[in-house]
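In case you want the letters, here they are:
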Amino acid sequence: MPSKRQREADDILKNAKVPAKSAPVYEAEWEAFATFAKIKTRKPSKTDFVLYLDKLHESQKGSSVASILSRLASTYYQKYSQKLAVEYPELYDLARSFRSGEKPKQSPGLSKEDAIAFMESEPEEDDNKWYHLVRQATLALQWCGSLRANEVLTISPEDVIPRVTPAREKYLKVVFTPSKQRGEVVRDFFLIRDGPFYSTVSAYTNARAEFHIRSNGRFLVTGSKKGLTNEPLGINQVYTVTRYMAKVLKKPIGPAGIDVTSHGVRRGAAQSAADQGASQAQIQAMLNHATSSAANQYVSSSVAIKNSTATLVSSAHPTVLPSTTAPVQSFMQAPMQAASYVVNYNVNLPGLPQLQQNNQAH
């Protein structure tokens, strides 16, 4: 399947022959660009385009800027027989970043900060600690695997497997059954030691052993004042975990507080991965989506893209717009920390290929 960038390039080719009635619009937009960039006979550079798009965005919506870029690309191809999307792909990241800030269609999902705060929280009353622990463990599994509510219930005790890396670092491999089959019968993800999610799931696993739980193949069970029970956790109880979290963290429910929707955890996990530099393909695999459209939205609105866009624009404005944005630690540069927050099934996330290669040995 062709990448989004290749599809954009193909669209340019398809639209290269401008309809006669539209030709004046294309010509006028190119002339406006050429005048701004002060080009007469020379070929325009990437900097010319970046400065022009940035200028347009001061007075026009991101969607309008993206449309103008598409028309400029058609004219560029006619003039130079080269695909702008291939020659300067960063321009499309820039246009998408302009558009991504406009009226998002859905809430951004549960934030990483709130998820971690819940892992580190204490119950309001000591006799509720087992009820609290069950919900912490449920959220930890949902977040780290980016799982749907029904998928987290497919995890059995045998599916939570302690492993050790070649560097002797402990981690947990978790296997689950995806609710939407995309060719795999089962999938897995990892929880790295020293993260709050690993600690929570380990504490819950120890509690299962302490109370001698026999739950008919279900890893998650209910908690009472006296401890864990043998009653499997139900789907409705999974749905209420985020509402309980909002109560514990004393935060409102909704856009200004905790996203308690059934997909809020998945969206938050995907956005966190994108913010740490995960690629569109990695996020698509993590979410088990058939198409890349949703994954592209997360990448387009990510901190990583926004900062790379800021760098791109500031480098084009060396004396006008110096970069003041602190670099974001790359997902590729911090595999263990990143995996502590969002870890993923069989895709090439940094650090995980080594874990996968040594699963049999350990």
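Everything in this summary refers to the structure shown in the same document. Computed from a prediction, not measured in an experiment: that's the story for all the values here.

1. Comments concerning the pairing of strand S2 (residues 170–176)
Where a strand is regular, its side chains alternate between the two sheet faces.
Right, on to step 1. With six of seven residues buried, S2 is to be regarded as a mostly interior element.
Right, on to step 2. As paired strands, strand S1 (residues 160–164) and S2 are joined by five bridges and run antiparallel to one another. Each residue of the ladder has a partner; that of isoleucine 161, found in S2, is lysine 173.
Right, on to step 3. In this antiparallel pair of consecutive strands, S1 and S2, the connection spans five residues, and arginine 168 shows a positive phi of 70 degrees.

2. With respect to the packing of aromatic side chains
Right, on to step 1. Within the structure shown, the criterion is met by 14 aromatic pairs.
Right, on to step 2. Through a chain of ring-to-ring contacts, the aromatic side chains of Trp30, Phe33, Phe36, Phe49, Tyr52, Tyr76, Tyr80 and Tyr88 assemble into a single cluster.
Right, on to step 3. One residue, lysine 43, lies across the ring of tyrosine 80, its end atom 5.9 Å from the ring centre.
Right, on to step 4. One residue, arginine 135, lies across the ring of tyrosine 131, its end atom 3.5 Å from the ring centre.

3. Re helix H2 (residues 23–37)
Right, on to step 1. With 15 residues, H2 extends 21 Å between its outermost C-alpha atoms, agreeing within 8% with the 21 Å of an ideal straight helix rising 1.5 Å per residue.
Right, on to step 2. Buried residues of H2: Tyr26, Glu29, Trp30, Phe33, Ala34 and Ala37, and no others. Across the axial projection of H2, the buried residues extend over an arc of 135 degrees, all falling on one side. The exposed residues of H2 that point more than 90 degrees off its buried face are Glu27, Glu31 and Thr35.
Right, on to step 3. In this fold, the buried residues of H2 make contact with helix H3 (46–57) and helix H4 (62–80).
Right, on to step 4. Count one or two residues on from H2 and you reach lysine 38, which has phi positive near 55 degrees.

4. Some details on the side chain of aspartate 159
Right, on to step 1. Among the structural elements, aspartate 159 can be located in the loop between helix H9 (149–152) and S1.
Right, on to step 2. For the buried aspartate 159, no salt bridge exists, and the shortest N-O distance to an oppositely charged side chain is 9.0 Å, to lysine 173.
Right, on to step 3. Aside from chain neighbours lying at most four places away, what touches aspartate 159 is Thr154, Lys173, Val174 and Val175.

5. Some words on the environment of proline 178
Right, on to step 1. Considering the arrangement of structural elements, one finds proline 178 in the loop between S2 and strand S3 (187–192).
Right, on to step 2. Along the backbone, proline 178 and leucine 287 are 109 residues apart, and their C-alpha atoms lie at a distance of 9.9 Å.

6. Comments concerning H3
Right, on to step 1. With twelve residues, H3 should cover 16 Å at 1.5 Å per step; its first-to-last C-alpha distance of 17 Å lies within 8% of that length.
Right, on to step 2. Of the residues making up H3, those classed as buried are Asp48, Phe49, Val50, Tyr52, Leu53, Asp54 and Leu56.

7. Details of the pattern of salt bridges
Right, on to step 1. Taken as a whole and assessed by the stated rule, the structure comprises nine salt bridges.
Right, on to step 2. A salt bridge links glutamate 29 to arginine 71, with the nearest nitrogen and oxygen atoms 2.7 Å apart. Here arginine 71 lies in helix H4 and glutamate 29 lies in helix H2, a separation of 42 residues in the sequence.
Right, on to step 3. Look at glutamate 29 and you get buried, because its relative accessible area is 17%.
Right, on to step 4. On the basis of relative accessible area, arginine 71 is assigned to the partly exposed category, the value being 23%.
Right, on to step 5. For aspartate 114, the salt bridge is made with lysine 251, and the minimal N-O distance between the two is 2.6 Å. Taken together, the residues span a long stretch of sequence, with aspartate 114 in helix H7 (residues 112–119) and lysine 251 in the loop between helix H12 (241–249) and helix H13 (264–275) at a distance of 137 residues.

Calculation notes
Counting restarts for each chain, with residues numbered from 1 along the sequence as it is written. It should be noted that, the model being predicted, local features are given only for residues of pLDDT at least 70 and side-chain atom pairs only at 80 or more, the latter also being counted only at that level, while totals for whole chains, interfaces and linings use all residues. Values reported for side chains reflect all heavy atoms of the structure, with hydrogen atoms and water molecules removed beforehand. A simple rule labels every residue: compare its accessible area, found with a 1.4 Å probe on the protein chains alone, to the largest value its type can have, and call it buried under 20%, exposed over 50%, or partly exposed in between. Numbering goes from the N terminus for both helices and strands, where a helix is a DSSP run of H or I of at least four residues and a strand is a run of E of at least two. Paired strands, as defined in this entry, are two strands with at least two bridges between them according to DSSP. Here a Phe, Tyr or Trp ring, Trp counted by its six-membered ring, pairs with any other such ring whose centre lies within 6.5 Å, and the pair is stacked when the planes are under 30 degrees apart, edge-to-face when over 60, and tilted otherwise. Charge-over-ring placement is defined geometrically: NZ (Lys) or CZ (Arg) within 6 Å of the ring centre, and within 35 degrees of the ring normal. Each helix should span, by expectation, one fewer than its residue count multiplied by 1.5 Å. Directions pointing from the helix axis toward each C-beta atom define the arc. By definition in these notes, contact holds between two residues if any of their heavy atoms fall within 4.5 Å. Residues scored as charged are limited to Lys and Arg (positive) and Asp and Glu (negative), so that His and the chain ends carry no count. Salt-bridge detection follows one rule: a side-chain nitrogen of Lys or Arg within 4 Å of a carboxyl oxygen of Asp or Glu.

Geometry only, nothing functional implied.
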